[in-house]
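If you want the building blocks of each chain, they are given just below.
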Amino acid sequence: MTTTMAREIDALCGDLANHLVQHPGESGGFAYIHEVPISSNLREASLKSLLVQGAMAFLVGHEVGHLAAGHKPLFLKKTSVAGAMAENRKVTDVAVDQFVATAATDYCDEGGHSLRFNAHEVDADVQGVAFAAAHWLAIQSEVSTSAHLPDSADLIRAACANPSRLLLLASTGMAVSFSLMGFKQWGNDWNSQPTHPLTAVRCVVGLGVLDNLLDDNVPQGSPLELGPDCLEGLSLVHSRLGSILLDAARSDGQYSEFARKLEDTLENDRLNLMFHGTGVAQAVQKSSEVASYLADLSAEFNACAQQRALALRVPLASLVPWSVSHRHGNAQG
């Protein structure tokens, strides 16, 4: 976690909260926030705080997932290179032309694609989602049993009163985290990235797992098909990011190729363009190919079980299994 990333999380969550509070007609599943009897300022500050919690719960959970699941032996060769990359990372703002750009992770232990690294990053995402879900369920339990809470807790109490609301809140915060990892446009090399799968793939898989953990009424269907609450959260973040990009371009007159496409697209079609620009649309449309890719990652992950065994920091049974069939309780990674 860098100072820059913390500022980006704060800025994007602040923008989301401000938009939802100032535009009641566009609140969708967040409409309940306007029914909570608190001041507008407290409503916005509380919502921003909760969104920041959602973003941080996943980011911290991902890193804890690496440690808890015993990934360390698999990443020893990567550590020195990753450290060098972090030291040379450029400081950027949320509204950057490179929002949809070539990924900066052009490295791995052998200088090319590493199925092993990709597999363990997906596992860390899954464990991170589990930690984030546990965070929200713990809060839900606390607010439902606490008789005396300050006014500032009224919004989270309202969110926890309905499973759909809680899932929307958690998925929106998580979508913020994924968006700040940077998106790379979908191409023929989508399944052969050096160390981390495309953010679009991680986003769809992670939100699918969150849906499974927080929603007891998950519909039967494709395991990569996002439920309505997760899709709404992801759409909200994409929509605001598109607006931020356009506002920045209009302000300084410097349009990236993607920002120009947004400007030239009808307003009602911009969300669809954003989803295609980030690759999320392709990840969903090509779900069978993504499922096959995940099966390859699962096989690689299983093949490394012995190397992880001595580095596990929690009982193996407490970790969340993952695979393309996880939602239906079949094959596990």
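Not measured: the values here are computed from a predicted model.

Calculation notes
Residues numbered from 1 in each chain as written. Predicted model: local features only at pLDDT ≥ 70, side-chain atom pairs only at ≥ 80, totals over all residues. Heavy atoms only, no water. Helix = DSSP H or I, 4+ residues; strand = E, 2+ residues; numbered from the N terminus. Contact = heavy atoms within 4.5 Å. Areas by Shrake-Rupley, 256 points an atom, 1.4 Å probe, with all protein chains shown as cover. 1 Å grid on protein atoms, 1.4 Å probe; cavity = no way out; pocket = protein on both sides within 12 Å on 5 of 7 lines; lining within 4 Å. Points joined across faces, edges and corners; volume = space filled by probe spheres on them. Polar contact = N/O pair within 3.5 Å; in protein donor to acceptor, adjacent residues only side chain to side chain. Axes fitted to C-alpha atoms, helices over the stretch in contact; angles between N-to-C directions. Parallel < 35°, antiparallel > 145°, perpendicular 65-115°, else oblique. Nonpolar A, V, L, I, M, F, W, Y, C, P; charged D, E, K, R; others polar. Disulfide = S-S within 2.5 Å. Buried < 20%, exposed > 50% of the residue type's maximum accessible area, 1.4 Å probe, protein only. Core = buried A, V, L, I, M, F, W, Y, C linked by side-chain atoms within 4.5 Å. Phe/Tyr/Trp six-rings, centres within 6.5 Å; stacked < 30°, edge-to-face > 60°. Lys NZ or Arg CZ within 6 Å of the ring centre and 35° of its normal.

Asker: Help me understand the overall build of the protein chain in this model?
Answerer: Summing up its helical and strand segments, the protein chain has 13 helices and zero strands in all. Considering only contacts in the protein chain between residues 6 or more positions apart, those separated by 24 or more positions represent 77%. Within the structure as shown, the protein chain displays about 15600 Å² of accessible surface, and the carbon and sulfur contribution to it stands at 51%.

Asker: Would you take a moment to explain the layout of surface pockets for this structure?
Answerer: Empty pockets left among the atoms are what a rolling probe the size of a water molecule brings to light. Its volume calculated, the second largest pocket comes out at about 480 Å³. Every residue lining the second largest pocket is counted, 22 residues in all, and those nearest its centre are Glu-26, Ser-239, Arg-240, Ser-243 and Glu-267. At the level of secondary structure, the elements contributing two or more residues to the lining of the second largest pocket comprise α8 (228-252) and α10 (270-278).

Asker: Sorry if this is basic, but what is going on with the environment of His-62 here?
Answerer: Counting through the fold element by element, His-62 comes out in helix α2 (residues 40-68). Sequence spacing of His-62 and Gly-128 is 66 residues, and the spatial spacing of their C-alpha atoms is 3.9 Å. In this structure, His-62 is in contact with Glu-121, Ala-124, Asp-125, Gly-128 and Arg-202, ignoring residues within four places of it in sequence. At a separation of 2.8 Å, a polar atom in the side chain of His-62 contacts the side chain of Asp-125.

Asker: It is not clear to me how the packing of helix α1 (residues 3-22) against α8 should be interpreted in this structure. Could you clarify?
Answerer: How two helices pack is summed up by the angle between their axes together with the distance between the axes. One can describe the packing of α1 onto α8 by two numbers: an axis separation of 10 Å at closest approach and a directional angle of 100°. With respect to each other, α1 and α8 are oriented roughly perpendicular. Residue-level contacts link Leu-12, Asp-15, Leu-16, His-19 and Leu-20 of α1 to Leu-236, Val-237, Arg-240, Leu-241 and Ile-244 of α8. The residue makeup of the contact of α1 with α8, split by class, is seven nonpolar, one polar and two charged.

Asker: For this particular structure, what's the right way to read the state of the cysteines?
Answerer: When the sulfur atoms of two cysteines share a covalent bond, that bond is a disulfide. Counted under the stated rule, the structure contains zero disulfides. There is no disulfide at Cys-230, and the cysteine sulfur nearest it, in Cys-203, is 9.4 Å away. For Cys-230, a relative accessible area of 0% gives the class buried.

Asker: Explain the nonpolar core here, please?
Answerer: Considering soluble globular proteins, one finds that nonpolar side chains tend to be buried as a cluster. Core analysis: the largest hydrophobic core is formed by 85 residues, its most contacted members being Phe-30, Leu-47, Ile-156, Leu-169 and Leu-210. Ranked by residue count, the leading element in this core is helix α4 (residues 115-145), at ten residues.

Asker: Is there a simple way to think about the packing of aromatic side chains in this case?
Answerer: Ring pairs (aromatic) are described by centroid distance and by the angle formed between their planes. For the coordinates displayed, the defined rule picks out five aromatic pairs. Ring plane angle 20° and centroid distance 4.7 Å describe the contact between Trp-186 and Trp-190, whose orientation is recorded as stacked. Judged by centre distance (5.2 Å) and plane angle (70°), the rings of Trp-190 and Tyr-293 are edge-to-face. Note that Trp-190 is positioned in the loop between α6 (163-179) and α7 (199-214) and Tyr-293 in helix α12 (residues 287-303), a separation of 103 residues in sequence. No difference in accessibility class separates Trp-190 from Tyr-293, as the two residues are buried. Linked through ring pairs, Trp-186, Trp-190 and Tyr-293 together constitute an aromatic cluster. Directly above the aromatic system of Tyr-255 lies the positively charged group of Arg-260, at a separation of 3.9 Å from the ring centroid. Stacked on the ring of Phe-301, the Lys or Arg Arg-308 has its end atom at 3.6 Å from the ring centre.

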